[in-house]
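Residues per chain are reported as follows:
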Amino acid sequence: MNADTRFRVNTPAVTHEVIDGEAVIINLVTGNYYSLQGEGAEIWSLLAGGLALGAVVDQMTQSYEGDSSAIGNNVLELASQLQQEQLILTGTEIEVPAVADLERRHTNGNGKQSFRAAVLHKFTDMQELLILDPIHEVDAAGWPHKKTS
Amino acid sequence: MAAQEDVLTRPQPLATMNAQPTDVLSSVANDGRPLAFFHEMHQVFQFAAASSGTVDRYYRLGGYVVRLSFAGDALLPVFCSALSHLATASAQPDLTICLWDSGSTGVRRPAVPWREHYAVRGEVEGYNTERIYTVFDHESFGLSMLDSARNLAVLWAADTERIPYWIKGAPLRTILHWWMGGRGKQLVHSAAVGTSAGGVLLVGKGGSGKSTAALASLEAGLLYAGDDYVIVSDDPRPCAFSLYNSAKVAPDRLAAFPGLAAYIDNAERLDAEKALLFIRGAHAKQLSAGFPLSAVLVPRVTGLRNTIIRKAPRAASLAALAPSTIFGHPRGGEAEFRFLAKLVKRLPAYVLECGTDLTQIPQAITDLLSGKSA
């Protein structure tokens, strides 16, 4: 992962929506879901939009007051977490949106605010609904049964 | 049990595809195996119905006429109680669901043509296409299929004993979810209460306080469309439609609702099950077919006395509504998420901090709906 690294959302496994500055992200395969607020949602939008990592750092540094290396580290840390959770994938064949469009969308027009570190909130409580494999076995006729053990 | 279930007892093998309507022929190339197995299931249902007698029931669900066609009458108490408030006279159905069980009819389901091809929500891999839906129901150990092109579904259950009590409270959820999704409507994991002028969705996972808030509202005189699953649409404006007149309550919460005690369906099994109530007997006049929606509320049980409603980001209502709706339904995914995101963007969101004085919950909701608060 370097400044030129670009990502794409891991579709179709992952679906997401940003509403009123908060991102809701669902991994349809694992059952885990996530939320990102404020700066986290902004970083998500920029990464999901295909902006290179370095450009995301630049964008956040320009938009917010704060130590630029701390902002950079937070962006890198979040990108790494998102990758670990398989919400974004690196890729070269990405349709990159015009940076100007992203800047217009995410630049704070009312002066700079202090940067609040992005925190990825993860929820795993839906996994109980995805329980077929652990509790069933399939008989010779192809029909599932509860495991006896 | 396995050997018994998998031995085929049915009429002659599947009729040739030439006997099918033109619309079926047109997609056989893509849907071949799933469609063939659907026909086989339907044919075996017809055999069971011919030998045990057909019993039809009609319901108006989300504005559509749905016919339940049973082979024999053993499954009626399981599948009809929760829908009884929406019963209607026989009419041309928009959807027909054929149901049979092997226990009472003696007619076994066809042997399944797949092996170990189950996805995590029971979807049978290779037997789900744009047209055909197939799921093994791991709750009842039954099988549900929908042919969306013919608005025809088949549900098989081994016997009534294997169907858990909560299915009686929310029957046919998977088939209705699939079918409604093709019509701009969506089953959602939510309660809905309100007035004829408007209502609210109460969203959140089990234990969040949905049922408590819904039942407290019911006892206070508000309209009730459901406590766990309702149908919603957003065209032309967000609306909730009732689906089930049931409610599930943890036994230790029953004392809070003394007026409902007489309507518990499973009173003798409360050591192992939540109480299943059918509201139709208790508050028939408050059972609403549906109402327009004014807000989404995310309940939280606080343990404090007072109930408070406060504004919340709409993303909070999406996070409370979407995961349990999507993962609670086989084949749930991107389409459902997009629908729900669009819906919550049109409705203000609030956190309903539910206090221990339950009378305050409906009052807070009423105040919100009348514009007196928040």
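Residues numbered from 1 in each chain as written. Chains lettered and ligands numbered in written order. Predicted model: local features only at pLDDT ≥ 70, side-chain atom pairs only at ≥ 80, totals over all residues.

Novice: Please provide a residue-by-residue account of the overall build of chain A, values included.
Specialist: Per the secondary structure count, chain A includes five helices and 10 strands. Residues counted as buried form 32% of the 149 residues belonging to chain A. Taking all contacts inside chain A whose residues are at least 6 apart in sequence as the whole, residues at least 24 apart take part in 65%. (Helix = DSSP H or I, 4+ residues; strand = E, 2+ residues; numbered from the N terminus. Buried ≥ 20, exposed ≤ 12 C-beta atoms within 10 Å, placed from the backbone. Contact = placed C-beta atoms within 7 Å.)

Novice: Could you give an account of the interface of chain B and chain A, with specific residues and numbers?
Specialist: Listed as interface residues are 32 residues of chain B and, on the opposing side, 26 residues of chain A. Looking at the side of chain B that touches chain A, the elements that each hand over two or more residues are α1 (2-6), α9 (314-327) and α10 (334-345) of chain B. For the side of chain B that touches chain A, the element with the highest residue contribution is α9(B), accounting for nine residues. Along the lines of polarity and charge, the residues of the side of chain B that touches chain A split into 18 nonpolar, five polar and nine charged. (Nonpolar A, V, L, I, M, F, W, Y, C, P; charged D, E, K, R; others polar.)

Novice: Lay out the sheet that holds strand β2 (residues 64-71) of chain B in plain terms, naming residues and giving numbers.
Specialist: Residue and element names in this part refer to chain B. Strand order in the open sheet formed by six strands is β1-β2-β3-β6-β5-β4, with mixed pairing between adjacent strands. Either end of the sheet is taken by a strand with one partner, and the two such strands are β1 (54-61) and β4 (132-137). Across the sheet, the mean angle separating the axes of adjacent strands is 15 degrees when strand polarity is ignored. In terms of strand pairing, β1 meets β2 through eight bridges, oriented antiparallel. Residue pairing in the sheet places Asp56 in a bridge with Ser69 of β2. (Pairing = 2+ DSSP bridges. Axes fitted to C-alpha atoms, helices over the stretch in contact; angles between N-to-C directions.)

Novice: Give a description of the environment of A:Asn32 that names residues and reports values.
Specialist: Residues and elements named next belong to chain A. Structurally, Asn32 is set in the loop between β3 (22-27) and β4 (33-37). For Asn32, a count of 20 C-beta atoms within 10 Å puts it in the buried group. When the C-alpha atoms of Asn32 and Met126 are compared, they prove to be 6.6 Å apart, with 94 residues separating the residues in sequence. Residue contacts for Asn32: discarding those within four places in its chain leaves Asn27, Glu85, Lys122, Phe123 and Thr124.

Novice: Requested: an account of α10(B), with residues and values cited.
Specialist: The end-to-end C-alpha distance of α10(B), which contains 12 residues, comes to 17 Å, matching closely the 16 Å that a straight helix rising 1.5 Å per residue would cover. Every buried residue of α10(B) is listed here: B:Glu336, B:Phe337, B:Phe339, B:Leu340, B:Ala341, B:Leu343 and B:Val344. (Expected span 1.5 Å × (residues − 1).)

Novice: Outline the domain arrangement of chain B, supporting the account with residue identities and numerical values.
Specialist: Residue and element names in this part refer to chain B. Parsing chain B into structural domains produces domain 1 (2-181) and domain 2 (185-369). For domain 1 versus domain 2, the separation of C-alpha centres amounts to 29 Å. With 27 residues of domain 1 in contact, the opposing surface of domain 2 contributes 24 residues. Of all the secondary structure elements, the ones that give two or more residues to the side of domain 1 that touches domain 2 are β4, α5 (165-169) and α6 (173-181). The biggest single contributor to the side of domain 1 that touches domain 2 is α6, with seven residues. Here the residues of the side of domain 1 that touches domain 2 are counted per class, giving 12 nonpolar, 11 polar and four charged. (Domains from an automatic or database assignment.)

Novice: Describe the nonpolar core, with residues and values.
Specialist: Within the largest apolar cluster, 149 residues are counted, with the highest numbers of intra-cluster contacts made by A:Leu47, B:Ile97, B:Val193, B:Val230 and B:Ala240. In terms of residues, this core owes the most to one element, α9(B), which gives nine residues. Two domains each put at least three residues into this core: domain 1 (2-181) and domain 2 (185-369) of chain B. B:Ile97 has contacts with B:Val66, B:Leu68, B:Ser69, B:Ala153, B:Leu155, B:Leu172 and B:Ile175, leaving out every residue within four places of it along the chain. (Core = buried A, V, L, I, M, F, W, Y, C linked by C-beta atoms within 7 Å.)

Novice: Please set out the packing of helix α2 (residues 53-63) of chain A against helix α3 (residues 68-84) of chain A residue by residue, giving values where relevant.
Specialist: Residue and element names in this part refer to chain A. Between α2 and α3, the least distance of the axes is 9 Å, while the angle of their chain directions is 135 degrees. When the axes of α2 and α3 are compared, the pair comes out oblique. As for the relative orientation of α2 and α3, their crossing is right-handed in sense. Here Leu53, Val56, Val57, Met60 and Thr61 of α2 come into contact with α3, specifically with Ser68, Ile71, Gly72, Val75 and Ala79. Of the residues assigned to the contact of α2 with α3, the class counts are seven nonpolar, three polar and no charged. (Parallel < 35°, antiparallel > 145°, perpendicular 65-115°, else oblique. Left-handed = near helix turned anticlockwise from the far one by under 90°.)

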